[in-house]
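Below, each chain spelled out in residue letters.
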Amino acid sequence: MTSDGGATAGTLSAIHVYPIKSCRAVALDRAEVTRRGLAGDRLFQVVDEQTAPVTQRQEPKLATVQPTVIDGGLRLDADGRSPLEIATPTTNDTTATSLLGLPVDAADAGDDAAAWFADLLGAPVRLVGVTDETDHVVPFPDGEMHLGWADGSSVLVANSASHRWLAERADEPFGMDRFRPNLTVDADPWVEDTWRELSVGAARLGVGLAWPRCAIPQVDQVDGSRHREPAKVLKAHRWCADASNGPEALRPLLEGNALFGIGCSVERAGVEVAVGDQVVVHHTGIRVIDGPASD
């Protein structure tokens, strides 16, 4: 038990940000926590001619793009392609659509970036970024949440023990990178299903929902190839047929999906998290689905 009444549940073992939505991760030893989530996370996204987001759901080739943080922006690399440097956007000059279908004020990254991604994907696309001027706000249980281009939570947390539990029962190997978490913690398997409020180091997070998984975890995050796992093992052990234990407003998001990880809002911003930080749980609740039994 900690001095503020929380219970230590584990440690932070990895930090990742995804500067471009659906492209490769950047691993960090520490990260600033902003009201939108981790600094540098989902700053850019690729959009089609209707300004709708283009992700690995439609274009698994995006997994082959490695952003690298450089002074003033990013460098983009992909096998067989010349690298491209893009600047961090500062002023909004366009509008794009979030994955939730909301219009978001954004900054176009320019014709060179558009041509680079269009040539990679074989389709007309643009690259757009959020700026300090962008105010992308979505409803969240008991309030609202500020986002970059993340799907619907400021910070995605996953448990390495829960990943190992699934991997031991799967037909083929898959890494934690398939689930694209921001914070990876080491704790007892599936205990995260019960967390409702937690601290990671100095950061305070509110848990909104167990995270429903789409088809992206089936994409190899190195070469962009598609696989059957982890969809098969998730359906066998983590399928949500009835979400009546969860928030009523979120039932349509949870039912008929497999759940892995937890989507969180930022309750304390302006602080840093670092690998090795303690994970302290302040409030728990009822699981949406039963934790898998060992077999």
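Cut-offs applied
- Residues numbered from 1 in each chain as written.
- Predicted model: local features only at pLDDT ≥ 70, side-chain atom pairs only at ≥ 80, totals over all residues.
- Heavy atoms only, no water.
- Phe/Tyr/Trp six-rings, centres within 6.5 Å; stacked < 30°, edge-to-face > 60°.
- Helix = DSSP H or I, 4+ residues; strand = E, 2+ residues; numbered from the N terminus.
- Buried < 20%, exposed > 50% of the residue type's maximum accessible area, 1.4 Å probe, protein only.
- Lys NZ or Arg CZ within 6 Å of the ring centre and 35° of its normal.
- Contact = heavy atoms within 4.5 Å.
- Polar contact = N/O pair within 3.5 Å; in protein donor to acceptor, adjacent residues only side chain to side chain.
- Core = buried A, V, L, I, M, F, W, Y, C linked by side-chain atoms within 4.5 Å.
- Pairing = 2+ DSSP bridges.
- Salt bridge = Lys/Arg side-chain N within 4 Å of Asp/Glu carboxyl O.

*Asks:* Residue-level account of the packing of aromatic side chains, with values.
*Replies:* Tallied over the full model, the rule gives 5 aromatic pairs. Centre to centre, the rings of Trp-116 and Phe-117 are 5.1 Å apart; their planes meet at 70°, and the pair counts as edge-to-face. Ring geometry for Trp-165 versus Trp-190: centroids 5.8 Å apart, planes at 80°, classification edge-to-face. Of this pair, Trp-165 sits in helix α2 (residues 160-169) while Trp-190 sits in the loop between β16 (183-186) and β17 (195-200), and the two are 25 residues apart along the sequence. A single burial state applies to Trp-165 and to Trp-190, both of which are buried. Joined through ring pairs, the aromatic side chains of Trp-165, Phe-174, Phe-179, Trp-190 and Phe-260 make up one cluster. If you follow Arg-81 out to its NZ or CZ, it ends over the ring of Trp-116, 4.7 Å from the centre. Positioned above the aromatic ring of Trp-239 is the side chain of Lys-235, whose terminal nitrogen or guanidinium carbon lies 5.4 Å from the ring centre.

*Asks:* For α2, give the residues involved together with the corresponding values.
*Replies:* Buried residues of α2: Ser-160, Ala-161, Ser-162, His-163, Trp-165 and Leu-166, and no others. Where the residues of α2 are buried, they touch β15 (155-159), β16, α3 (231-237) and β20 (257-268). One side-chain oxygen at the N-terminal end of α2 lies 3.0 Å from the backbone nitrogen of Ala-161; it belongs to Asn-159.

*Asks:* I'd like a rundown of the nonpolar core, residues and numbers included.
*Replies:* With 25 residues, the main nonpolar core has Leu-38, Val-157, Leu-183, Trp-195, Val-200, Leu-205 and Val-273 as its most contacted residues. Look past the residues within four positions of Leu-205 in its chain and what remains in contact with it is Val-155, Val-157, Leu-183, Glu-197, Leu-198, Val-200, Cys-264, Ser-265, Val-266 and Glu-267. Membership of the second largest hydrophobic core comes to 19 residues, among which are Ile-20, Val-65, Phe-117 and Leu-121.

*Asks:* Could you give me a rundown of the sheet that holds strand β10 (residues 94-97), with the residues and numbers involved?
*Replies:* Here we have 5 strands laid out as an open sheet, ordered β6-β5-β12-β11-β10, and antiparallel in their pairing. With partners counted over all chains shown, the strands left at the sheet margins are β6 (53-54) and β10, one partner each. Sheet topology places strand β5 (residues 44-47) next to strand β12 (residues 126-129); 4 bridges connect them, and they run antiparallel. Bridging across to β12, Val-46 finds its partner in Leu-127.

*Asks:* Can you tell me about the pattern of salt bridges, naming the residues and giving the values?
*Replies:* Pairing between side chains becomes possible if they bear opposite charge and their charged atoms approach one another. Counted under the stated rule, the structure contains 16 salt bridges. Its salt-bridge partner being Arg-30, residue Glu-272 comes within 3.0 Å of it at the nearest N-O pair. Placement of Glu-272 in strand β21 (residues 271-274) and of Arg-30 in strand β3 (residues 30-34) is noted, with a sequence separation of 242 residues between them. Between Glu-197 and Arg-204 there is a salt bridge whose closest N-O contact spans 3.0 Å. The residues Glu-197 and Arg-204 share a single accessibility class, namely buried. One network of salt bridges, in which partners are shared, links Lys-21, Arg-57 and Asp-151.

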